[in-house]
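Structural features, examined
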Amino acid sequence: MKESGKDVWVLWFSLPLAALVIFVSVTGLGTPGFYAGETVNWQAQAVGQDFIDLFIAVPALLVSAVFAYNKKKAAILVWGGVIAYLLYTFLIYCFAVHFNRLFIFYCLTLGLSFYSLCWFLFSRLSRPSPVVHFSAVPHRIIGIYFIVFAALFYFLWMAEIIPAIISGDVPKSVKETGLITNAVHVIDLSVFLPGLFITGVLLLKRKIAGYMMAPVFLSFFVLMNITIGSLVLIMIQRGIEKSYGVAVVMGFLTIVSAGLLVWYVKRIKVSKN
């Protein structure tokens, strides 16, 4: 649906999605003891995630949506990354937070994020002659970055999972959160990291799908790295964690991902409709 050359569907998806995320976050932050059913570790992360969703994810969603609606250069690709971040986040809310009064709203937010991403993928990747041209973007550097990033996180997660399997125990992260499994492990190992690796390979092969998905993953990285770093700082402040190492690494990766995203977007050329 377009009016006056504008992507109206971006707003149709973004406005109710932003309203849902605001409602969920405000309820979680403003209700005393809302996450009382979680372990101390998971309570800290849940509250921190609500804060990040409200003050970082929602503004990122709305700003990217406005720019995408007004057909600004490559803004729709950044918007796709924000949507992917919300989809990832609310998968965790739905499957890794004990049942509470927001469960239906978690499901609604997850569903709307999923269908927003479906619309994005269909509308971007199904075009035989995209309006966006990528001949000048740094595809090799970013492709290698994605492949290395995927391999690194596979190694990190397997270093936690495999020893636990061998010893007949469960990973430390599962014990600390009091969950059945680690939802981050599930999403990363089965969906996110394979998708990242494939995108890196497609970039190196100069395929249009790789070009289209690169800024999506970079936008996702920026938000996720900020989230992980912030959650570590919150847990340090609450005495749950002691080391700043992960926060420092996430801060570095945020800067790298943001720099690559800006570099990428500036080199994209857009034809007029």
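For the structure, see preceding data.
Position labels on residues start from 1 in each chain and follow its written sequence. Given that the model is predicted, a residue must reach a pLDDT of at least 70 before its local features are reported, and side-chain atom pairs must reach 80 or more before they are shown or counted; all residues, however, enter totals for whole chains, interfaces and linings. Computation of side-chain values: all heavy atoms of the structure, hydrogens and water removed.

Structural notes on the side chain of Asp50
The line we're drawing: Secondary structure elements are taken from DSSP: a helix is a run of H or I of four residues or more, a strand is a run of E of two residues or more, and numbering for both begins at the N terminus. Relative accessibility under 20% of the residue-type maximum defines a buried residue, over 50% an exposed one, and the middle range a partly exposed one, all with a 1.4 Å probe and only protein chains included. By the counting rule applied here, Lys and Arg register as positive and Asp and Glu as negative, while His and the ends of each chain are not counted. In the sections that follow, a salt bridge refers to a side-chain nitrogen of Lys or Arg positioned within 4 Å of a carboxyl oxygen of Asp or Glu. Whenever two N or O atoms come within 3.5 Å, that pair is a polar contact, provided that in protein one can donate a hydrogen and the other can accept it, and provided that, for residues adjacent in sequence, both atoms are side-chain atoms. Whether two residues touch is decided by their heavy atoms; if any such pair falls within 4.5 Å, the residues are in contact.
On the secondary structure map, Asp50 appears in helix 2 (residues 40–69). The side chain of Asp50 sits in the buried core without any salt bridge; Arg238 is the nearest counter-charge, 9.6 Å away. Only 2.6 Å separates the side chain of Asp50 from the side chain of Tyr93, close enough to count as a polar contact. In this structure Asp50 touches Val24, Ser25, Gly28, Leu29, Tyr35 and Tyr93, once residues within four positions along its chain are discounted.

Examining a nonpolar patch on the surface
In plain terms, the rule: Residues forming no salt bridge and having over 30% relative accessible area are the ones grouped into patches, like charges within 9 Å of each other and nonpolar side chains (Val, Leu, Ile, Met, Phe, Trp, Tyr) within 5 Å. Surface accessibility in these figures is a Shrake-Rupley result with a 1.4 Å probe; residues are shielded only by whichever protein chains are displayed.
Residues Phe99, Phe103, Ile104 and Leu108 make up a contiguous nonpolar surface patch of about 440 Å² in total accessible area. Structurally, Leu108 is set in helix 4 (residues 103–125). Owing to a relative accessible area of 45%, Leu108 belongs among the partly exposed residues under this scheme.

Some points on the packing of helix 3 (residues 75–96) against helix 8 (residues 208–237)
Helix packing geometry: the angle between the two helix axes and the distance between the axes. This is how the line gets drawn: Between N-to-C directions, angles cover 0 to 180 degrees, with each direction set by a line fitted to C-alpha atoms, over the stretch in contact for helices. Under this scheme an angle from 65 to 115 degrees is roughly perpendicular, one under 35 degrees roughly parallel, and one over 145 degrees roughly antiparallel; angles in between are oblique. Here is the rule for handedness: rotate from the far helix to the near one, and if that takes an anticlockwise turn smaller than a right angle the crossing is left-handed, while a clockwise turn gives right-handed. Polarity classes work like this: nonpolar for Ala, Val, Leu, Ile, Met, Phe, Trp, Tyr, Cys and Pro, charged for Asp, Glu, Lys and Arg, and polar for all others, with Gly in that last group.
As a packed pair, helix 3 and helix 8 sit with axes 7 Å apart at the nearest point and diverge in direction by 50°. What the angle tells us is that helix 3 and helix 8 run oblique. As for how helix 3 packs across helix 8, the hand of that crossing is right-handed. Side by side, helix 3 and helix 8 meet where Leu77, Val78, Gly80, Gly81, Val82, Ala84, Tyr85 and Tyr88 of the first sit next to Met212, Pro215, Val216, Ser219, Phe220, Leu223, Met224 and Thr227 of the second. Classifying every residue of the contact of helix 3 with helix 8 gives twelve nonpolar, four polar and no charged.

Observations regarding the environment of Phe197
Within the secondary structure, Phe197 is located in helix 7 (residues 183–204). Its relative accessible area of 41% is what places Phe197 among the partly exposed residues. Spatially, the C-alpha atom of Phe197 lies 8.4 Å from that of Gly143, the residues being 54 residues apart in sequence.

Points about the packing of aromatic side chains
Using the following cut-off: Only the six-membered ring of Trp is used, alongside the rings of Phe and Tyr, when aromatic pairs are assigned; centres must lie within 6.5 Å, and planes under 30 degrees apart are stacked while those over 60 apart are edge-to-face, with the rest tilted.
Counted according to the given criterion, the structure contains 25 aromatic pairs. Ring geometry for Phe13 against Trp119: centres 5.7 Å apart, planes inclined by 40°, an arrangement best described as tilted. Remark: Trp119 occurs in helix 4 and Phe13 occurs in helix 1 (residues 8–30); sequence separation between them is 106 residues. Given a relative accessible area of 12%, Phe13 falls into the buried group. The exposure class assigned to Trp119 is buried, which follows from its relative accessible area of 18%. The interplanar angle of 55° and the centroid separation of 4.7 Å between the aromatic rings of Phe23 and Phe105 together place this pair among those described as tilted. Of the two residues, Phe23 is situated in helix 1 and Phe105 in helix 4; the sequence distance between them amounts to 82 residues. You can call Phe105 partly exposed: its relative accessible area is 29%.

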